[in-house]
Amino acid sequence: MTKPDLSEADVSAIIEMALSDHISFATIETEYGLSDAQVKELMRSSLKPPSYRTWRKRVRRFSDRRETYK
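Residues numbered from 1 in each chain as written. Predicted model: local features only at pLDDT ≥ 70, side-chain atom pairs only at ≥ 80, totals over all residues. Heavy atoms only, no water.

1. Topic: the pattern of salt bridges
What the rule picks out here adds up to 2 salt bridges. Among the ionic pairs, Arg58 bridges to Asp21, the shortest N-O distance being 3.0 Å. Of this pair, Arg58 sits in helix H4 (residues 49–65) while Asp21 sits in the loop between helix H1 (8–19) and helix H2 (25–32); the two residues are 37 residues apart in sequence, bridging distant segments of the chain. In this structure, the salt-bridge partner of Asp36 is Lys40, at a minimum N-O distance of 3.9 Å. One end of the pair, Asp36, and the other, Lys40, are both in helix H3 (residues 36–46), 4 residues apart, so they sit about a helical turn from each other. (Salt bridge = Lys/Arg side-chain N within 4 Å of Asp/Glu carboxyl O. Helix = DSSP H or I, 4+ residues; strand = E, 2+ residues; numbered from the N terminus.)

So, in structure tokens, the structure goes:
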């Protein structure tokens with residue numbers, strides 16, 4: 001999976017957006033051109049393993065409840 005060249009500021013902004021419960025993967029893709037799989041890969045490489053697992057669990061739990069969440 002290829003990812004576009006991103007500055008440290010872009011990576012930080014993407015992580016902040018991904019951690020937010022109010023911003024969807026579609027919004028991140030529109031702004032930065034990263035698919036949801038690429039965002040997950042970026043998060044996995046940027047966060048500590050327990051933080052990544054907690055984030056994924058939260059995203060999965062909310063996406064099961066809401067059709068339009070992430």
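2. Here we look at the nonpolar core
Of all hydrophobic cores here, the largest spans 15 residues; its most connected members are Ile28, Val39, Met43 and Trp55. Among the secondary structure elements, those contributing two or more residues to this core are H1, H2, H3 and H4. Looking at this core, the element that brings in the most residues is H1, giving 4 residues. What Trp55 contacts, discounting residues up to four positions off in sequence, is Ala18, Leu19, Phe25, Lys40 and Met43. (Core = buried A, V, L, I, M, F, W, Y, C linked by side-chain atoms within 4.5 Å. Buried < 20%, exposed > 50% of the residue type's maximum accessible area, 1.4 Å probe, protein only. Contact = heavy atoms within 4.5 Å.)

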